[in-house]
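Chain residues, written in single-letter form:
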Amino acid sequence: MGDMKNAIFAMYGLIFVFYVPLLFWVQKRKKERRGQKYFFKGVVSILEACPDDEECIPQINLLYKRLSEHYSFITNAYRSSVELLEELIVHLDTLDEKLFEQRYSITPPRDHRQRIVNIHGLMKTKNPYSSLSSKEANLLMVMSGAIESNNEELGKNTVSQVADEFEILESNLRKQSKKNTVSFLISVVSVILTVFFGLVSFVQFFN
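Residues numbered from 1 in each chain as written. Predicted model: local features only at pLDDT ≥ 70, side-chain atom pairs only at ≥ 80, totals over all residues. Heavy atoms only, no water.

Caption draft 1: Focus on the packing of aromatic side chains. Applying the stated criterion to the full structure yields four aromatic pairs. When the ring of Phe-40 is compared with that of Phe-100, the centres are 6.4 Å apart and the planes differ by 15 degrees; the resulting orientation is stacked. Here Phe-40 is found in helix H1 (residues 2-49), whereas its partner Phe-100 is found in helix H5 (residues 97-104), with 60 residues between them in sequence. The pair formed by Phe-40 and Phe-100 is uniform in burial state, with each residue classed as buried. (Phe/Tyr/Trp six-rings, centres within 6.5 Å; stacked < 30°, edge-to-face > 60°. Helix = DSSP H or I, 4+ residues; strand = E, 2+ residues; numbered from the N terminus. Buried < 20%, exposed > 50% of the residue type's maximum accessible area, 1.4 Å probe, protein only.)

Encoded structure:
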């Protein structure tokens, strides 16, 4: 009996190790979908109320800002309203009407697609670095200013800073890749051991 109890405890422990991270991932995805739903509904309302694309931009930015203040998971997943507009365009082009309605509780605004694309283009023109972090965006703006003003020294210094940022980014990506590999291997081993101990417990229970 002792061996069987130990096997059962081990099995539940492994299930806990495997399914808790999975549960957190599912919850994260649900929050991202909720943020998309709020934003998509707001964009449709703005487009229906405002016929001028230029005038829609500050309203869409305000929508993103206010949603971000109330729901932090929006800013965790999307750096700007531009990224969320890109999500809307992609989902309009890839999801069928029924699935879109199930996810976001609205009819796909396909009639507004071209306007959404136009507004996205205008926003990118006004702020081409909106999807980057503030530090990266500032560096690129300084570099653009140096090019426009023919300031060679400032341009060289900025390029050097950008190169440093690239090195840091690549280092972080390598570290994250290693972590993801380890997490995947742990998950695979957990599943295998869970199945194994489950079979052991099952056999011992009937013996």
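Now, onward.
Caption draft 2: A look at the state of the cysteines. All told, the structure shown has zero disulfides when counted by the stated rule. No disulfide involves Cys-50; its nearest neighbouring cysteine sulfur is the one of Cys-56, lying 3.6 Å away. Relative accessible area serves as the criterion here: at 5%, Cys-50 is assigned to the buried category. (Disulfide = S-S within 2.5 Å.)

Caption draft 3: Quick peek at helix H2 (residues 53-70). Taking 1.5 Å per residue, 18 residues should reach 26 Å; H2 reaches 26 Å between its end C-alpha atoms and fits that length. Taken as a whole, H2 has its buried residues at Asp-53, Cys-56, Ile-57, Ile-60, Leu-63, Tyr-64, Leu-67 and Ser-68. Across the axial projection of H2, the buried residues extend over an arc of 130 degrees, all falling on one side. Residues of H2 that are exposed and point more than 90 degrees away from the buried face comprise Pro-58 and His-70. The backbone nitrogen of Glu-54 lies 3.0 Å from a side-chain oxygen of the residue at the head of H2, namely Asp-52. (Expected span 1.5 Å × (residues − 1). Arc of directions from axis to C-beta. Polar contact = N/O pair within 3.5 Å; in protein donor to acceptor, adjacent residues only side chain to side chain.)

Caption draft 4: Broad picture of the pattern of salt bridges. Under the definition given, this model contains five salt bridges. Put simply, Lys-126 and Glu-54 hold a salt bridge, and the shortest N to O gap is 3.4 Å. Of the two residues, Lys-126 sits in helix H6 (residues 113-126) while Glu-54 sits in helix H2, which places them 72 residues apart along the sequence. Given a relative accessible area of 55%, Lys-126 falls into the exposed group. (Salt bridge = Lys/Arg side-chain N within 4 Å of Asp/Glu carboxyl O.)

Caption draft 5: Local environment of the side chain of Gln-36. Following the sequence through the fold, Gln-36 ends up in helix H1. A polar contact of 2.8 Å, which involves the side chain of Gln-36, links it to the side chain of Tyr-104. Excluding residues within four positions of it along the chain, Gln-36 makes contact with Tyr-78, Leu-84, Glu-87, His-91 and Tyr-104. (Contact = heavy atoms within 4.5 Å.)

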